[in-house]
Each structure stands twice: as C-alpha cells, then as structure tokens.
Amino acid sequence: MGCASCGTGGSAGCQNNGHCSTGGCNKLNVFDWLSNMDVPAMHRFNIFEVRFKNGRKDFFKNSNKLDIVTGDPVVVDVPNGHHIGYVSMQGELVRLQMSKKKIKEKEVRDIYRKATARDLDRWTEARNREDTVMYRTKEIIQDTKLDMKLTDVEFQADGTKATFFYSAEGRVDFRELIKILASEFKIRIEMRQISVRQEAGRIGGIGACGRELCCSTWLTDFKNVSTSAARYQNLSLNPSKLSGQCGRLKCCLNYELDTYMDALKDIPEVEGQLKTERGSARLQKTDIFRKIMWFGYEGDNNWYAVDTDRVKEVQELNKRGKKPFSLLENETEADKVETSINSDLEAMDRKFSSSKSKKKKKKKRNKFRGKKPQQKAEKS
C-alpha cells in the first residue's frame, strides 16, 4: 500500500480507499508472470479477475468481447444489481487461479461494460456514504447490545445494497438489526461474518518484522496455527511475541515448520538426565540446524556443547548400565577445565569483582589517612 487511506478510509493519500487505478497502493496486488508469453488471440481466455474494496476478488466472463486490459474499471453483474471493480488479472493466469480455487466457468457471471464517467460518479457517491453508515451502525449495535464487532461497510455501485462485514466469537442473531438498518438507510442489507485474521487483512498494518501484514498483501489461505509450531522451533511461549495484530498466533509460525520438522528427525529425544562419572547432566537447549545440544551438570552453572552423535552414544551406554567419564569425547579428569559456554563470563566476573574490591580498599585507606592529622591536632 502506497498511502495510508487504502482500505481504511483515512484522510491522507489519494483517498481512493483501495481502488487506486494506478495499482500502486492496492492490497493483494498481482504480478502477471505469463504476460510476456505469446498466446494466439483465438485461444485467449475470456474470464477476468476483478478486484473490489479491500482486496476482495471475484471472476467474471467477458461475454461481450470487450477490449479490456488490466486496470480498467468495469461494470459487473452481481445478485440484484451491478457493481464496479478494477480488472486485476487476465489471461492464462486466471485459468490457473480458477482451477486452484475449484471454480467452474458455469458459475462465473458476466461483465456488462467498461465503467463510464457517470458510472464512476454514482459509485463515488455511494462510497461516500460508507463511513457515516458504519458509524451509525456501530451505535445501533451498541444500543441493541449485540456481541459483534463491525469491521467494514461496502456499498454496491448502484447504491441499492450494502454489505456489512463483522467479526464475532459465535453466532449472532441480527434479524432485528437488519430490520432497523433497512428502515433507516432504505437499502438492502447483507451481513457477512469474517474471521479475525480476515479482519486484520482488510484493515492492514505493519507487522513485528517491519513489513506489511501477510494477510493484507498476499496471504489468502489461512491455515490452523498451534503452539506446537512454536515448541518445535524452540521459541519462547510468550503470547505477546507469538500473537499477531489479529490477536491470534502469527501465521508465519507455519512458514518454516516443515524445515524444522525435517531437521528434528536427526535430534535424539532426551527425556531424562544423562548419567556420567562427573555427574548427571540435564538438557538446557538445542541448536537444531547445527545439531548441537547444550547440557549442564548438577551443581555446575556452565553449559557444555555436545553434538547429537555423542548424545546418542551416551544414551546407548546408559541403557547398558555404563557411564562415560564425561559428555565430551576423550575427556579425562585432567582435561576437566574451561570447556563450558559460560567460562569466559565467569572470568570476566572474577576480573570485575577483584577490581571493585581493590577500589573499596583504596577508599578505606584514604579515609584513614585523612583522619590522622585531625587526631594529632586535637592532642596538641
């Protein structure tokens, strides 16, 4: 999105609310990677993808053989009227998208014509009503005490129908609400429930990574995300860090999950402690891709890096009732020093603690020296 007003009804930018004809600030933009392919005109696919407010898309057939290109505003057939949208994709890429979404050509409605200046003016008048209608509807919802959150309102281009997008935890009985809205606004009402992830995608925003939200730029297929995805990736189970702007677990937790699952096949499961002559060692953390596991002995604050092959070897010895001298290979009692991850930190602690004690001793000496002349003066 190139400006702050796209899809949010803000006061900055081009104020087209996601309908920018340049295509530079629309959600779910499309790159047609088949546009440079030479396709015979007689075999040109006559179904187009049309984008509406906040990235909502649908497919329409060019039955009248109009000269349409990407970015053109078109008047399309919708139930009980007509609507206006911008062509976002054409050609063979549309065929691939239809097969992916399992949409049949018989289900596709028609494109009436290219939108004229008069059509666009009427559409602009209808869109200008959206903010006032949404604010008034929120007041009515609050008065009726319905457990629902109104997210957006989209007016049809002919001004005869409005779609209200809302989110709710469960089912909502809004029959009385529809009667009130229809009598007050004199239009047909359609209530459409969306998930909180879809709500975040329609509103848009910047994620913790510094980029625009995936759900508002390219992600349309929302899959289930569980806390086990965070556990497999050794992430801390902190809700504030794992939750996205929708309040649910971030969708990006699933992006690298398959890679982690493949890497975890080579990591041995350590359920208890590993027994050695130096003592029992407990697993502290695991570096999955480097295949290194960190262990700490009881009563020792240091962590020791052990590769996975050595861990499997120690586990086999423990199963047979044997104990190696240490987790580290070829380590004897004479070598039992400075192999831990925290040894350098402990050395720094000793250095700074010794310097602090020296400073305290100097201060005491200076105080003692300063008191001696005064005592001598009192005696005299």
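Conventions adopted
Residues numbered from 1 in each chain as written. Predicted model: local features only at pLDDT ≥ 70, side-chain atom pairs only at ≥ 80, totals over all residues. Heavy atoms only, no water. Helix = DSSP H or I, 4+ residues; strand = E, 2+ residues; numbered from the N terminus. Buried < 20%, exposed > 50% of the residue type's maximum accessible area, 1.4 Å probe, protein only. Contact = heavy atoms within 4.5 Å. Salt bridge = Lys/Arg side-chain N within 4 Å of Asp/Glu carboxyl O. Axes fitted to C-alpha atoms, helices over the stretch in contact; angles between N-to-C directions. Left-handed = near helix turned anticlockwise from the far one by under 90°. Nonpolar A, V, L, I, M, F, W, Y, C, P; charged D, E, K, R; others polar. Expected span 1.5 Å × (residues − 1). Polar contact = N/O pair within 3.5 Å; in protein donor to acceptor, adjacent residues only side chain to side chain. Pairing = 2+ DSSP bridges. pLDDT = per-residue confidence, 0-100. Phe/Tyr/Trp six-rings, centres within 6.5 Å; stacked < 30°, edge-to-face > 60°. Lys NZ or Arg CZ within 6 Å of the ring centre and 35° of its normal. Patch = residues over 30% accessible without salt bridge, like charges linked within 9 Å, V, L, I, M, F, W, Y side chains within 5 Å. Areas by Shrake-Rupley, 256 points an atom, 1.4 Å probe, with all protein chains shown as cover.

## Brief notes about the overall build of the chain
Thought 1: The helix and strand tally for the chain stands at eleven helices and twelve strands.
Thought 2: In the chain, which comprises 380 residues, the proportion classed as buried is 37%.
Thought 3: For the chain, contacts bridging at least 24 residues in sequence account for 58% of all contacts bridging at least 6.

## Quick look at the pattern of salt bridges
Thought 1: Following the criterion strictly, the structure yields 20 salt bridges and no others.
Thought 2: Among the salt bridges present, the one from Glu 169 reaches Arg 248, with a minimum N-O distance of 3.8 Å. With Glu 169 in the loop between strand 7 (161-167) and helix 4 (175-185) and Arg 248 in the loop between helix 8 (239-242) and helix 9 (257-263), this residue pair connects regions lying 79 residues apart in the sequence.
Thought 3: By relative accessible area, which is 69% here, Glu 169 ends up exposed.
Thought 4: What makes Arg 248 partly exposed here is its relative accessible area of 34%.
Thought 5: Taking the shortest distance from any N to any O, the salt bridge between Arg 192 and Glu 190 comes out at 2.9 Å.
Thought 6: Look at Glu 190 and you get partly exposed, because its relative accessible area is 23%.
Thought 7: Through salt bridges with shared partners, a single network forms among Lys 53, Glu 130, Asp 152 and Arg 202.

## Quick look at the packing of helix 3 (residues 130-144) against helix 4
Axes are the key here: two packed helices are described by the angle between their axes and the distance separating the axes.
Thought 1: For the pair helix 3 and helix 4, the least separation of the axes is 11 Å and the interaxial angle reads 140 degrees. The element helix 3 and its partner helix 4 pack so that their crossing is right-handed. For the pair helix 3 and helix 4, the contacting residues are Val 133, Arg 136, Thr 137, Ile 140, Ile 141 and Thr 144 in the first and Leu 177, Ile 180, Leu 181, Glu 184 and Phe 185 in the second.
Thought 2: Looking at the contact of helix 3 with helix 4 residue by residue, the classes come out as seven nonpolar, two polar and two charged.

## Details of helix 10 (residues 308-319)
One full turn of an α-helix is made of 3.6 residues, so residues set three or four places apart face in the same direction.
Thought 1: The end-to-end C-alpha distance of helix 10 is 17 Å, a good match for the 16 Å that twelve residues give at a rise of 1.5 Å each.
Thought 2: When helix 10 is considered as a whole, its buried residues turn out to be Thr 308, Arg 310, Val 311, Val 314, Gln 315 and Leu 317.
Thought 3: The N-cap residue of helix 10 is Asp 307: its side-chain oxygen and the backbone nitrogen of Asp 309 are 3.2 Å apart.
Thought 4: Residue Gly 321 follows helix 10 closely and has a positive phi angle near 85 degrees.

## Here we look at the sheet that holds strand 10 (residues 279-287)
Thought 1: The sheet built from four strands is open, its strands ordered 9-10-11-12 with antiparallel pairing. Because the sheet does not close on itself, it has two edges, and the strands there are strand 9 (274-276) and strand 12 (304-307). Across the sheet, the axes of successive neighbouring strands diverge by a mean angle of 40 degrees, strand direction being ignored.

## Structural notes on the sheet that holds strand 2 (residues 57-61)
Thought 1: Strands sit in the order 1-2-5-3-4 around a closed barrel of five strands; the barrel is mixed. In this sheet, neighbouring strand axes are inclined to one another by 55 degrees on average, regardless of whether the strands run parallel or antiparallel.
Thought 2: Across three bridges, the pairing between strand 3 (residues 73-78) and strand 5 (residues 109-114) is antiparallel. From the neighbouring strand, Val 76 faces strand 5, where its bridge partner is Ile 111.
Thought 3: In the packing of helix 2 (residues 117-128) onto the sheet, contacts are made with strand 3, strand 4 (81-89) and strand 5, and the angle to strand 4 comes to roughly 105 degrees.

## Observations concerning the confidence of the model for the chain
Thought 1: Across the chain, the average pLDDT comes to 82, with 78% of residues at 70 or higher.
Thought 2: When the criterion is pLDDT under 50, residues 7-13 qualifies, and its contacts beyond four places in sequence or with other chains add up to 15 contacts.
Thought 3: Segment residues 372-380: pLDDT under 50, and zero contacts once partners within four positions in sequence are set aside and those in other chains are kept.

## Focus: the pairing of strand 6 (residues 149-155)
Thought 1: Across the seven residues of strand 6, six count as buried, placing the element largely inside the fold.
Thought 2: For strand 6 and strand 7, the ladder comprises six bridges, and the chain directions are antiparallel. Across the sheet, residue Val 153 finds its bridge partner in strand 7, namely Phe 164.

## Points about the packing of aromatic side chains
Thought 1: Counted according to the given criterion, the structure contains six aromatic pairs.
Thought 2: Note on Phe 52 and Phe 60: the rings are 6.0 Å apart at their centroids and 80 degrees apart in plane angle, and the pair reads as edge-to-face. The residues Phe 52 and Phe 60 share a single accessibility class, namely buried.
Thought 3: With centroids separated by 5.4 Å and ring planes inclined at 65 degrees, the aromatic side chains of Tyr 297 and Tyr 304 adopt a geometry described as edge-to-face.
Thought 4: Overall, the relative accessible area of 5% leaves Tyr 297 in the buried class.
Thought 5: When its relative accessible area of 6% is taken as the criterion, Tyr 304 is described as buried.
Thought 6: The side chain of Arg 127 reaches across the aromatic face of Trp 123, ending 4.5 Å from its centre.

## Points about a nonpolar patch on the surface
Thought 1: Judged by side-chain polarity, Phe 31, Trp 33 and Leu 96 come together as a nonpolar surface patch covering roughly 410 Å² of accessible area.
Thought 2: Tracing the backbone through its elements, the reader meets Phe 31 in the segment before strand 1 (47-51).
Thought 3: For Phe 31, a relative accessible area of 69% gives the class exposed.

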